[in-house]
Amino acid sequence: MLYRETGQIKTDYKSDMAMFPIAQDRWFIYGCVAVAVIGLPLFASSYIIEAFLIPILIWSLAALSLNMLLGYCGQLSLGHGAFMAVGAYAAYNFATRIPELNIFIVFILAGLCAAAVSVLFGLPSMRIKGFYLAVSTLAAQFVIEWVFSTVTWFSGDNAMGTVDTPAIVIFGYKLESSIDLYMFCLVINIVLFVLAKNLVRGSVGRSWMAIRDMDVAASVIGIRLLPAKLLAFGVSGFYAGVAGAMYAFVYLKACDITSFDLFQSFNILFMVIIGGMGSVMGAYFGAAFILLLPIVLNITFQTFFATSGFAGLVSNIEHMVFGGLIMFFLIVEPLGLARLWSTAKEKLRLWPFPH
Amino acid sequence: MTATEEIQSAADQRISDEVLMSVRNIRLSFGGVKALRDVSFDIAKGEIRAIIGPNGAGKTSMLNVINGVYHPQEGTIFYKGKTGLMKPHEAATKGISRTFQNLALFRGMTTLDNIMTGRNMKIKRNFLWQALRWGPAQREESENREAVERVIGFLEIESIRKTPVGRLPYGLQKRVELGRALAAEPELLLLDEPMSGMNVEEKEDMCRFILDVNDEFGTTICLIEHDMSVVMDISDRVVVLDYGSKIADDTPNEVRANQAVIDAYLGVSH
Ligand SMILES: Nc1ncnc2c1ncn2[C@@H]1O[C@H](COP(=O)(O)OP(=O)(O)O)[C@@H](O)[C@H]1O
Ligand SMILES: [Mg+2]
C-alpha cells in the first residue's frame, strides 16, 4: 500500500504530464538526488568517489547518449567511443588555445563539435539501416581514432598523441579535491539528464520512437525521417562529446586516444542493453552495472579460486560470466534493468493484495 | 419514392459537388506485376468513398499512391486545387491521414503517445524549447494533449490511455490507429480495411465512428472494405478495382447490380 496512484487525482493535463507523475517516484528521485548531493560527499571516501561515483556519472551520460539514438530512435552506433574522443580533444583544444574561456562553455563547444561529427556519420542513415548503418558508424570509430593518432595538432603537437588536460577552474576557483570534481560532474549530469528526459517525453522523443517502431507509418503521419534521425545523431553526439570531455578532464586528466577505442563503444552499447533501451533511468542502471560487475566478479572469484591454483582462469571466467549476462539480457529481458525495476514497481502497486 | 431512393437523395445533399481529390490515369507496376492500370476517379468533398475489389486488385496500392508511399510510373493527382504527386510527410501536412491494412502502430508506445504522435506535425517549438519544456513549449504540449483527449473521448478509449499498444487486443489496436489518424484533424481520411479481423460488435462500433467522423467533423473518407454489407451501409459512392483496372464507379446499389462486379467477385475468368 506504499506505492499507489490512487488518491493522487490529477486536475489538469500539466500535472499528468509531469516528469514523474506518481508521487512516490518523485520522492524516490528527490531522495536519490539528496543522497547524491549531500550524503555521498559527506560519507564516501575519496577512493570511492574517484573510482566509482565519478565514472558512473560520466558513463551514465555516455549511455544516455547512445540510448537516445538507439533506444529511442532505433539507430545503432558503434562509434560512440570515438564521438567521446572528439569531445575530449575539442575540449582540450578550446581550453588550452583560448584559456580565458569558461569551462562550461568549453564543454558546450566540445559537445557541439562531437554533435557535428556525429551528424556527419549519421548521414548514411538516410539510405541504410540496421546492420549496414552499424558498419558505417564502425568506420567512424576507426577514422576518428586514426585522425587523432596521426594529426598531432589536436594533441598540442605532442608526438605521442597523449597530452595532459589543464586543471578545471570555475570563476577563479580551481577544482582539486575529489568532492569538487564529483560536484562538477554531478551538476552537468543532472542538468543533461533533465534536458534529455524533457526531450524524449515531448514531440521530439515521440518522433524518434515512431521512427524506431515503424518508419513508414512515421512518415505517413508527417514526420520527416532524415531531419529527425539527424537530430538524434546530433543530440546523441553532443551528449557523447560532453561525456568524453568529462572523462578526459576529470577522470583521466589527460587526452589519450587509446581510452576511446572500440572496446569503449561496445561498453556503452552493453550499458544501454543492460540498463534498458528507451529508458532514461536505465542509463544509470547500465553504467553502474557495467562498471561494478567486473569488480564484484573479481572479488567473488578471487576468494573462491585463489587457493585452488586456478588463478589464471579467473579473468577468463569473468569474461564468460560478463558475456553470459549480456546474452541473458538480450534474450530474456531486452528492456533491461529498467524493465525489471518497473515490473517490481507494478508488483508493489498490487501488494499486499495481488488479486 | 422508395426507401433506398430516399437514402440516396439524402446522401446527394450531404455531398457537395466540389471535388476534393481527383486521381488521374494512375499506372503502377512492380516489375512485371501491373498493380494499377490507368485508374482515375474523383473524391467529392464530404463524401464516404469506398474502394472494393478482390484480393490483389490494387486497392492498398491505390491508397499508397494517394499519400505518396508508392510512386506511380504514370498519372497524377489533383488535391485541393493543386496537381502533383506528394511525398508522405507532405500529404500529411496537407491534411491527408490514413490507417493501414496490417496494423502500423508504434508498438513500443502507449495509446496516448501513439495518438499524440499523430499531432506531432502541429508542434511548432523546436527541440531546444522542448528540452527546456518551459513556457510556450509547455503550453503547446498541453494544448495538444487536450486535443488528443477529445479524440480519446470520442473513441471511448479512456481506460487504455496509458497501456502500451502491444498489449491491446486487435480490435482496440485498430481503434487506436484510427485515433492516431484523427488526431491530425485530417480533411481526407484514408482507411485500409478498418474492420478486418473484427467481431460483429467491434465492426458496428467502427462503422459508427466512421459515420460520426464524417458527420460531425465533415471529414472526407476514402475506405477500403471487404464486407459488402458494410460498404452498402456507409458509403456514398464505390470504386471497384479488379486486376488493377477500374471496372465500376457508382452508387452502392448500382455497383451491387453490376454484372462485371458480380463476375469479378465470383472469379469469372477474363
Ligand atoms: N511493394 C510491393 N512490391 C511488389 N508487389 C506489390 C507491392 N505492393 C503490392 N504489390 C502487388 O500489387 C498487387 C496489388 O496489391 P494490393 O494493392 O496490396 O492489393 P489489394 O489491397 O487490393 O489486396 C498485388 O499483385 C501485389 O502483389
Ligand atoms: Mg490491401
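From a predicted model like this one, the values you see are computed outputs, not experimental measurements.

> With reference to specific residues and values, describe the sheet that holds strand 1 (residues 19-30) of chain B.
Strand pairing in a sheet relies on backbone hydrogen bonds, with the paired strands running either antiparallel or parallel. Residues and elements named next belong to chain B. Read across the open sheet, the four strands follow the order 2-1-4-5; overall the sheet is antiparallel. Two strands bound the open sheet, and with one partner strand each, they are strand 2 (33-44) and strand 5 (82-83). Relative to strand 4 (residues 74-79), strand 1 runs antiparallel, the two being bridged by five bridges. Bridged to arginine 24 within strand 4 is threonine 76. Seen against the sheet, helix 2 (residues 59-66) touches strand 1, strand 2 and strand 4 and runs at an angle of roughly 115 degrees to strand 1.

> Can you tell me about the confidence of the model for chain A, naming the residues and giving the values?
Mean pLDDT over chain A: 87, with 91% of residues reaching 70 or higher. Averaged over each element, pLDDT in chain A is lowest for helix 1 (residues 13-16) of chain A (72) and highest for helix 10 (residues 225-252) of chain A (97).

> Any details on a nonpolar patch on the surface? Residues and values, ideally.
On the surface, a nonpolar cluster with roughly 510 Å² of combined accessible area is contributed by A:Val33, A:Val37, A:Ile38, A:Leu42 and A:Phe43. Counting through the fold element by element, A:Ile38 comes out in helix 2 (residues 23-43).

> Hey, could you go over the site of ligand 1 for me, with residue numbers and the actual values?
All names here are of chain B. For ligand 1, the full set of nearby residues is Phe30, Val33, Ala35, Pro54, Asn55, Gly56, Ala57, Gly58, Lys59, Thr60, Ser61 and Tyr70. Taking lysine 59, its main chain carries an N or O atom lying 2.8 Å from an oxygen atom of ligand 1. Look at ligand 1: alone it shows 550 Å² of surface, and the protein chains cover 64% of it. Contributions of two or more residues to the shell around ligand 1 are made by strand 2 and helix 2. Among the elements that make up the shell around ligand 1, the one with the highest residue count is helix 2 (three residues). Looking at the shell around ligand 1 residue by residue, the class counts come to six nonpolar, five polar and one charged.

> Would you mind going over the pairing of strand 3 (residues 48-52) of chain B in detail, with residue names and values included?
Residues and elements named next belong to chain B. Within strand 3, five of the five residues are buried, which leaves it mostly tucked inside the rest of the structure. The alternating pattern of strand 3 places Ile48, Ala50 and Ile52 on one face and Arg49 and Ile51 on the opposite face, and all of these are buried. Summarising the sheet, strand 3 and strand 8 (residues 220-224) pair through four bridges and their orientation is parallel. What sits directly across from isoleucine 51, in strand 8, is isoleucine 224.

> Which residues make up the environment of B:Ala264, and what values do they have?
All names here are of chain B. Inspection of the secondary structure puts alanine 264 in helix 11 (residues 259-266). Here the alpha-carbon distance between alanine 264 and valine 65, two residues 199 residues apart in the chain, equals 23 Å. Beyond its immediate sequence surroundings of up to four residues, alanine 264 is in contact with Pro54, Asp242 and Ile247.

Cut-offs and rules
- Residues numbered from 1 in each chain as written.
- Chains lettered and ligands numbered in written order.
- Predicted model: local features only at pLDDT ≥ 70, side-chain atom pairs only at ≥ 80, totals over all residues.
- Heavy atoms only, no water.
- Pairing = 2+ DSSP bridges.
- Helix = DSSP H or I, 4+ residues; strand = E, 2+ residues; numbered from the N terminus.
- Contact = heavy atoms within 4.5 Å.
- Axes fitted to C-alpha atoms, helices over the stretch in contact; angles between N-to-C directions.
- pLDDT = per-residue confidence, 0-100.
- Patch = residues over 30% accessible without salt bridge, like charges linked within 9 Å, V, L, I, M, F, W, Y side chains within 5 Å.
- Areas by Shrake-Rupley, 256 points an atom, 1.4 Å probe, with all protein chains shown as cover.
- Salt bridge = Lys/Arg side-chain N within 4 Å of Asp/Glu carboxyl O.
- Near = heavy atom within 4 Å.
- Polar contact = N/O pair within 3.5 Å; in protein donor to acceptor, adjacent residues only side chain to side chain.
- Nonpolar A, V, L, I, M, F, W, Y, C, P; charged D, E, K, R; others polar.
- Buried < 20%, exposed > 50% of the residue type's maximum accessible area, 1.4 Å probe, protein only.

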